Number of protein chains: 2
Amino acid sequence: MPRTIDRDARKAQLAEAVWRIVVERGIGAVSVRTVAEQAGVVVGSLRHVFPTRAELLEFSAELAVERASARIRATPQADDPLEYAFRIVRHLLPLEPDSRAELEIWIALLAESPVVPRLAAIRDEANQQVEDLCIQVVEFLTARPRDERTLADGRRLHALVDGLAFHLLTQPRDADPAWATDLAREELTRLAAASSS
Amino acid sequence: MPRTIDRDARKAQLAEAVWRIVVERGIGAVSVRTVAEQAGVVVGSLRHVFPTRAELLEFSAELAVERASARIRATPQADDPLEYAFRIVRHLLPLEPDSRAELEIWIALLAESPVVPRLAAIRDEANQQVEDLCIQVVEFLTARPRDERTLADGRRLHALVDGLAFHLLTQPRDADPAWATDLAREELTRLAAASSS
DNA sequence: CTTTTTCTAGTACAGCCGTGCTACGAAAAG
DNA sequence: CTTTTCGTAGCACGGCTGTACTAGAAAAAG
């Protein structure tokens, strides 16, 4: 067989090109032409890997989810349960350039859902994963068995974190995010304190 | 002078056409042609009122904010402060078709921000208004003077409500939103209970 | 009536879009 | 070597885009 490229690497390269364009020029500027140029390949090569624009966007969304998920899984254990929970929650907030870009991409792709229905499914699946994670964090902090209250607390944590994430995204890149991380820490502290009751 | 139309009514008519297209086919389908057709006018007439696409989108966003704002201002007083606060917060959640559509429009227009910078300004202004509203609700519930803790509680309420709003939006239109309204009510109850401490 | 101005209707243009398609080069397999 | 296959390069097509422009209909003002 003839020369072969690393398809996975090529796909990632193109997905990252999508991300850059979304962040810099918005989802409206994402076309097969702009993405190919941004990735430094010709349109024919892009279409050799992603035959349609929809497949390109779907993969870009999935890879963004995967990257974020990997970052959370890589969270190092901490001695203090509260500190460990806080580290996980921090990964759900757009505090670093990477996670900030991922959230921008996330919102942009959501706007594209009506055109590319699978994006809605990817979003729902990722939302569910974050919700499960939040519930696990509550379980971990309170050391309670998973009951109705745990689920409610998990859902609240999820809503709070997503709301904070959104608000952080709409403030300047260099603004101080302490108010948000403080609120998150407060919530986790409150959850941990309620473990005995 | 010659025949004149009600420009404000025409603008509203066109903005509502934008909303319908955003909800049904996404922001990507919003063009001067599709909007004109949806509104039942020809492109020339649309451009007579909105010379550019950007102006059309800006007005659509502003009108959506205005409509939501008016709905909140029209909230009838209730005997119970908690009930009154709850009624206001309910208006911030996408529970009715109208408010649901507004939130979808909101997210869609955000995705256009890089192309139409003024949309970002409109978003920031509206966010600030909601934040002020949340702080006022906290003040009202706790009957405390506005101090650091009031501001933090207000920001927390804002984040929680926006997070719930987003999660409600991503669940089916006919799903039961009780879990979200219950969480909101719980939060308000907690705030009211903390008024004496 | 005529004049004046607003609004409608439609054409035209340059440009980008996704996608289909062909032609060619490079490298592994025989 | 030749053959076979993958990847690259790029052209072409129909369609949609925002915007500029003209021509005429409609109605108020004189």
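Every value quoted in this text rests on a predicted model; they were computed, and no experiment measured them.

**Considering the relation of the copies chain A and chain B**
Link 1 in the chain: Rotating chain A by 180° about the axis while translating it 0.0 Å along that axis superimposes it on chain B, leaving an RMSD of 0.0 Å. Such a combination of turn and shift is consistent with a two-fold rotation axis.
Link 2 in the chain: A share of 97% of the interface residues of chain A reappears at the interface of chain B, consistent with the copies meeting face to face through the same patch.

**A few points about the interface of chain A and chain B**
Link 1 in the chain: Between chain A and chain B, the contact holds 29 residues from the first and 29 residues from the second.
Link 2 in the chain: Between chain A and chain B, the buried area comes to about 2,500 Å², and carbon and sulfur atoms account for 66% of it.
Link 3 in the chain: Where chain A meets chain B, there are 2 salt bridges.
Link 4 in the chain: In this structure, E186 of chain B and R156 of chain A form a salt bridge, with 2.8 Å as the shortest nitrogen-oxygen distance.

**What about empty space enclosed by the protein?**
Residue and element names in this part refer to chain B.
Link 1 in the chain: By the definition in use, this model includes 1 cavity of 30 Å³ or more.
Link 2 in the chain: In this structure, the largest cavity spans a volume of roughly 30 Å³.
Link 3 in the chain: Together, A61, W106, L109, L110, L119, I122 and R123 line the largest cavity.
Link 4 in the chain: Sorting the residues of the lining of the largest cavity by element identifies helix 6 (97-111) and helix 7 (117-142) as the ones contributing at least two each.
Link 5 in the chain: Class assignment for the residues of the lining of the largest cavity results in 6 nonpolar, no polar and 1 charged.

**Notes on the packing of helix 1 (residues 7-25) of chain B against helix 4 (residues 53-73) of chain B**
Residues and elements named next belong to chain B.
Link 1 in the chain: Running from N to C, helix 1 and helix 4 point in directions that differ by 90°, and their axes come no closer than 9 Å. By the angle between their directions, the pair helix 1 and helix 4 is classed as roughly perpendicular. For the pair helix 1 and helix 4, contact is made by K11, A12, L14, A15, E16, V18 and W19 and by L56, L57, F59, S60, L63, A64 and R67, respectively.
Link 2 in the chain: Grouping the constituent residues of the contact of helix 1 with helix 4 by class yields 10 nonpolar, 1 polar and 3 charged.

**Some details on the UniProt feature "domain: HTH tetR-type" (unreviewed entry) in chain A**
Link 1 in the chain: UniProt's feature table lists "domain: HTH tetR-type" (unreviewed entry) at residues 8-68 of chain A, given in the numbering used throughout.
Link 2 in the chain: With 80% helix and 0% strand, residues 8-68 of chain A has its two end C-alpha atoms placed 18 Å apart.

**Here's the deal with the UniProt feature "DNA-binding region" (unreviewed entry) in chain A**
Link 1 in the chain: Residues given the UniProt feature "DNA-binding region" (unreviewed entry) here are residues 31-50 of chain A.
Link 2 in the chain: Counting secondary structure, residues 31-50 of chain A comes out at 75% helix and 0% strand; the distance between its end C-alpha atoms is 12 Å.

**Notes on the pattern of salt bridges**
Link 1 in the chain: Here the structure, examined in full by the defined rule, presents 31 salt bridges over all chains.
Link 2 in the chain: A salt bridge links R190 of chain B to E187 of chain B; the shortest N-O distance between them is 3.5 Å. Separated by 3 residues within a single helix, R190 of chain B and E187 of chain B lie in helix 9 (residues 178-193), roughly one turn from each other.
Link 3 in the chain: The class for E187 of chain B is buried, based on a relative accessible area of 0%.
Link 4 in the chain: Residues participating in the shared-partner salt-bridge network are R144, D147, D153, R156, E187 and R190 of chain A together with R156, E186, E187 and R190 of chain B.

**Examining the environment of W106 of chain A**
Residue and element names in this part refer to chain A.
Link 1 in the chain: The topology assignment puts W106 in helix 6 (residues 97-111).
Link 2 in the chain: The class for W106 is buried, based on a relative accessible area of 15%.
Link 3 in the chain: Placed 41 residues apart in sequence, W106 and V65 show a C-alpha to C-alpha distance of 8.8 Å.
Link 4 in the chain: Here W106 is in contact with A61, V65, I122, R123 and A126, once residues within four sequence places are set aside.

Analysis parameters
Residues numbered from 1 in each chain as written. Chains lettered and ligands numbered in written order. Predicted model: local features only at pLDDT ≥ 70, side-chain atom pairs only at ≥ 80, totals over all residues. Heavy atoms only, no water. Least-squares fit on C-alpha atoms with pLDDT ≥ 70 in both. Contact = heavy atoms within 4.5 Å. Buried area = accessible area lost by both parts, 1.4 Å probe. Salt bridge = Lys/Arg side-chain N within 4 Å of Asp/Glu carboxyl O. 1 Å grid on protein atoms, 1.4 Å probe; cavity = no way out; pocket = protein on both sides within 12 Å on 5 of 7 lines; lining within 4 Å. Points joined across faces, edges and corners; volume = space filled by probe spheres on them. Helix = DSSP H or I, 4+ residues; strand = E, 2+ residues; numbered from the N terminus. Nonpolar A, V, L, I, M, F, W, Y, C, P; charged D, E, K, R; others polar. Axes fitted to C-alpha atoms, helices over the stretch in contact; angles between N-to-C directions. Parallel < 35°, antiparallel > 145°, perpendicular 65-115°, else oblique. UniProt positions renumbered as here; feature names shortened; annotations may be inferred. Buried < 20%, exposed > 50% of the residue type's maximum accessible area, 1.4 Å probe, protein only.

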